[in-house]
Amino acid sequence: LRGLLLALVAVVLVFGATTNGFFTIENFKAILSTTSLIGIIAIGATVALIGGNLFSITIGATVAITAMAFLFLLKLGIVAAIILSLLIGGGVGAVQGAFVGAIGANPIIVTIGAGAIQEGVATWLANGQSVYPPAGNHSFTFMIVPVLGLPFPVYVFVVLAIVVGLLMR
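In this text the structure is predicted, and so the values were computed from the model without any measurement.

The subject of this paragraph is the packing of aromatic side chains. Evaluation of the coordinates by the stated rule reveals two aromatic pairs. Taking the centre distance of 6.0 Å and the plane angle of 25° together, the rings of phenylalanine 15 and phenylalanine 22 count as stacked. Judged by centre distance (5.3 Å) and plane angle (80°), the rings of phenylalanine 22 and phenylalanine 23 are edge-to-face. On the basis of relative accessibility, which here comes to 21%, the residue phenylalanine 22 falls in the partly exposed class. An aromatic cluster is present here, built from Phe15, Phe22 and Phe23 joined pairwise through their rings.

Have a look at this one:
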């Protein structure tokens with residue numbers, strides 16, 4: 001642990017000395033925002049690992065298709081978009097879990113197949129184009145506007161980490 005901490009300090013010092021703007025508040029906020037999104041995904045992966053499953057290699061595809069569903073569902077309103085996209089993401093994971101848990105399918109094969117299916121569905125739904133929020137729909141902007149100076153995903157990560165930590169105990 002000590003060696004890892006020393007390596008982290010060394011990396012931070014090297015980047016701080018060689019990169020303009022590394023030790024700025026804006027960069028700190030950007031790092032927090034990025035790591036909070038990864039942290040949210042890591043919380044789910046941690047629960048899966050503790051639950052006895054090795055891993056899921058479809059996390060990226062599931063996040064992508066859930067985000068696409070969210071953007072598409074915004075026309076139903078922000079609350080509906082959040083709830084339905086979470087249900088879609090959870091449903092995708094539940095189907096994979098059912099194949100692995102109930103049927104005894106190989107988790108690697110299931111996740112490779114599910115990832116391929118999700119990528120195909122995402123490409124088909126988007127018609128191979130970039131996906132954007134509906135024009136004029138700004139109901140989701142609260143997710144990108146800083147709250148007390150920090151990006152919204154940071155708060156989501158902290159709350160989720162606390163809730164999952166309490167549930168896991």
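Let us now look at the packing of helix H4 (residues 78-101) against helix H5 (residues 107-126). Where H4 contacts H5, the two axes come as close as 9 Å, and the packing angle between them is 150°. Taken together, the axes of H4 and H5 are roughly antiparallel relative to one another. Here H4 and H5 pass one another in a crossing that is right-handed. Side by side, H4 and H5 meet where Val92, Gln96, Phe99 and Val100 of the first sit next to Pro107, Val110, Thr111, Ala114 and Gln118 of the second. Residue classes in the contact of H4 with H5 are distributed as six nonpolar, three polar and no charged.

What follows deals with the environment of alanine 126. Counting through the fold element by element, alanine 126 comes out in helix H5. Look at alanine 126 and you get buried, because its relative accessible area is 15%. Taking C-alpha positions, alanine 126 is 8.2 Å from methionine 68, a pair spaced 58 residues apart along the chain. Aside from chain neighbours lying at most four places away, what touches alanine 126 is Met68 and Val131.

Criteria and cut-off values
Sequence order as written defines the numbering, with residues in each chain counted from 1. The predicted origin of the model limits local features to residues at a pLDDT of at least 70 and limits the giving and counting of side-chain atom pairs to 80 or more, whereas totals for whole chains, interfaces and linings rest on all residues. As a convention, hydrogens and water are excluded, and side-chain values are obtained from all of the structure's heavy atoms. Paired rings are identified among Phe, Tyr and Trp, the last through its six-membered ring, by centres lying within 6.5 Å, and are further divided according to the angle between planes into stacked (under 30 degrees), edge-to-face (over 60) and tilted (the rest). Burial here depends on accessible area, computed with a 1.4 Å probe over protein chains only, as a share of the maximum for the residue type. Under 20% is buried, over 50% is exposed, and the range in between is partly exposed. Axis lines are fitted to C-alpha atoms, over the contacting stretch for helices. Their N-to-C directions set the angle, which ranges from 0 to 180 degrees. In this text, helices come from DSSP runs of H or I with a minimum length of four residues, and strands from runs of E with a minimum of two, each type numbered from the N-terminal end. Put simply, angles under 35 degrees are roughly parallel, angles over 145 are roughly antiparallel, angles from 65 to 115 are roughly perpendicular, and the rest are oblique. Note: crossing handedness is left-handed where the near helix turns anticlockwise from the far helix by less than a right angle, and right-handed where it turns clockwise. Any pair of residues with heavy atoms lying within 4.5 Å of one another is described as a contacting pair. When residues are sorted by character, Ala, Val, Leu, Ile, Met, Phe, Trp, Tyr, Cys and Pro go into the nonpolar class, Asp, Glu, Lys and Arg into the charged class, and all the rest, Gly among them, into the polar class.

No statement about biological role is implied by the geometric values presented.
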